[in-house]
Amino acid sequence: MKADEKTSDTVETTGTENSGKELRTVRIGFMTGAADHYASIIGQEEGIYEKHGIKIEAIEYPYGINTVDAIVNGTSDLGMVADFAGVNRIGNTLEHNKLAFFAELSVSNATTGGLYVAPEYADDLSKLENSAGWITAIGTRSEYTNWYAQVALGLDPDKQKFVNADSTSTALAAATNGDASAVVAQGSAALKYEGLGWKLVAPSEKISAITGAYLVANNDYITANADLLADYLAALDESITYINEHLDDVANRLSAKLGVDPENFKSDWKTPTYVIGFTEEGAKNLENIGDWAASQHKYEKAYNVRDYILTTAVEKAFPDRVTIVK
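Just so you know, these numbers come straight off a predicted model, no measurement behind them. (Residues numbered from 1 in each chain as written. Predicted model: local features only at pLDDT ≥ 70, side-chain atom pairs only at ≥ 80, totals over all residues. Heavy atoms only, no water.)

## Focus on the packing of aromatic side chains
Per the counting criterion, the structure on display carries 14 aromatic pairs. Note on tryptophan 147 and tryptophan 292: the rings are 5.4 Å apart at their centroids and 55 degrees apart in plane angle, and the pair reads as tilted. One end of the pair, tryptophan 147, is in helix α5 (residues 142–152); the other, tryptophan 292, is in helix α13 (residues 280–295), with 145 residues separating them in the sequence. Here tryptophan 147 falls in the partly exposed class, since its relative accessible area comes to 24%. The rings of Phe84, Tyr144, Trp147, Tyr148 and Trp292 are connected pair by pair, giving a single aromatic cluster. For arginine 321, the ring lying beneath its charged end belongs to phenylalanine 318, and the centroid distance is 3.9 Å. (Phe/Tyr/Trp six-rings, centres within 6.5 Å; stacked < 30°, edge-to-face > 60°. Helix = DSSP H or I, 4+ residues; strand = E, 2+ residues; numbered from the N terminus. Buried < 20%, exposed > 50% of the residue type's maximum accessible area, 1.4 Å probe, protein only. Lys NZ or Arg CZ within 6 Å of the ring centre and 35° of its normal.)

## Some remarks on the environment of isoleucine 210
Along the chain, the position of isoleucine 210 falls in the loop between α8 (204–207) and β11 (212–218). For isoleucine 210 and asparagine 285, which are 75 residues apart along the polypeptide, the C-alpha to C-alpha distance reads 9.9 Å.

## Overview of the nonpolar core
Ranked by size, the top nonpolar core spans 73 residues in total, and within it Phe101, Tyr232, Leu233 and Phe265 carry the most contacts. Ranked by residues supplied to this core, first place goes to helix α10 (residues 226–245) with 9 residues. Leaving out residues up to four positions away in the same chain, leucine 233 has contacts with Phe102, Ala103, Leu215, Ile276, Ala313, Val314, Ala317 and Phe318. (Core = buried A, V, L, I, M, F, W, Y, C linked by side-chain atoms within 4.5 Å. Contact = heavy atoms within 4.5 Å.)

## With respect to the pairing of strand β6 (residues 114–117)
Pairing analysis gives 4 bridges linking β6 to strand β9 (residues 182–185), with the strands arranged antiparallel. Bridge pairing links valine 117 to alanine 182 in β9. Pairing of β6 with strand β10 (residues 199–203) involves 4 bridges; the strand directions are antiparallel. Residue pairing in the sheet places leucine 115 in a bridge with alanine 202 of β10. (Pairing = 2+ DSSP bridges.)

## As for unusual backbone geometry
Unlike most non-glycine residues, histidine 297 shows phi in positive territory, near 60 degrees. By the element assignment, histidine 297 lies in the loop between α13 and α14 (312–317). The exposed category is assigned to histidine 297, whose relative accessible area is 68%.

## What to know about the confidence of the model for the protein chain
On average, the protein chain scores 90 in pLDDT, and the residues at 70 or more come to 92%. Every residue in residues 9–19 is under pLDDT 50, and counting partners more than four places away or in other chains gives 26 contacts. (pLDDT = per-residue confidence, 0-100.)

## Focus on α10
In this model α10 runs 29 Å from its N-terminal to its C-terminal C-alpha over 20 residues, within 8% of the 28 Å that 1.5 Å per residue would give. Within α10, 14 of the 20 residues are buried, leaving the element largely enclosed by the surrounding structure. (Expected span 1.5 Å × (residues − 1).)

## Focus: helix α7 (residues 187–195)
Every buried residue belonging to α7 is among Gly187, Ser188, Ala190 and Tyr193, and all of these are buried. Those residues of α7 hidden inside the fold are in contact with β6, β7 (134–136), α6 (168–176), β9 and α12 (262–270). Where α7 ends, the next residue or the one after it, glycine 197, has phi of about 95 degrees, a positive value.

## What about the side chain of glutamine 160?
Note on placement: glutamine 160 falls in the loop between α5 and β8 (162–164). Overall, glutamine 160 belongs to the buried group, its relative accessible area being 7%. Separated by 3.0 Å, the side chains of glutamine 160 and tryptophan 134 make a polar contact. There is a polar contact of 3.2 Å between the side chain of glutamine 160 and the backbone oxygen of aspartate 156. Apart from the residues within four sequence positions on either side, glutamine 160 is in contact with Leu128, Glu129, Trp134, Gln150 and Leu155. (Polar contact = N/O pair within 3.5 Å; in protein donor to acceptor, adjacent residues only side chain to side chain.)

## A short note on the packing of helix α1 (residues 35–45) against α10
Relative placement of two packed helices is described by the angle separating their axes and the distance separating the axes. The contact between α1 and α10 brings their axes to 9 Å, and the two run at 85 degrees. Taken together, the axes of α1 and α10 are roughly perpendicular relative to one another. Residue-level contacts link Asp36, Tyr38, Ala39, Ile42 and Gly43 of α1 to Tyr232, Leu236, Ser239, Ile240, Tyr242 and Ile243 of α10. Partitioning the contact of α1 with α10 into residue classes produces 8 nonpolar, 2 polar and 1 charged. (Axes fitted to C-alpha atoms, helices over the stretch in contact; angles between N-to-C directions. Parallel < 35°, antiparallel > 145°, perpendicular 65-115°, else oblique. Nonpolar A, V, L, I, M, F, W, Y, C, P; charged D, E, K, R; others polar.)

See below:
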């Protein structure tokens, strides 16, 4: 196991569910603290996945892009990834790519957080050009979000510096030590930057800091396991609904189990809107990011993102939530 991997605490299920349904194993790469990670923990505790005939084998990673690595190397069957990270990975591996988006999971609400800067830059954002730099994580959505924020605020992206951070903790350390000057943050992360004295200079809605989360797997796996994935999506959807309906209780349970601060969990959980399906808007979001990435030479050849969307499983689970135009 790699240093940045850790085995999740899962609720063991064996044999068959009470109804006699045979349990089928799904190997999932989770980003620690992501919605599908929390849903898997609570859903297993409540017997929801077992009810749908699903047994989860999980490994946690610090970023969604690491879950893609796990799928590519055969460690996991599926995972969640942010829009840019998925589009960028496919674009950089076109010749050998086998990945496909098979469902939307969530869209972040542009009602919390935004662009935070160290106090000395709050009154004159032009000074950011000569500052320590914008916190980013190469290969993730933050590349696109930072660029969009800079353009929206009239800054020249080519004159900005960047500080690569491989986790929230390293990003906060950079901010604390004066090694960074700007960051786009939402939810509990935004509260942490506020705690450092950083100033909110542009809310999320002004800089379009809206992130779509998608589920990905290899094309062959999706095709061969459409029924299994449909049951997984149904269990995931039911687990999300349970959390929404029991948010305070779940926050306390996760605090006891994982040490997660209850208020931070609730803030992060309420930041996105969760709808498992595949909408035309979700497909257009991927297309827009693909167009931008190609224009910024993030990969050599532009491609049609819709060629890498496979809705077989989600159509079985939630046909009324699939509105993508093919």
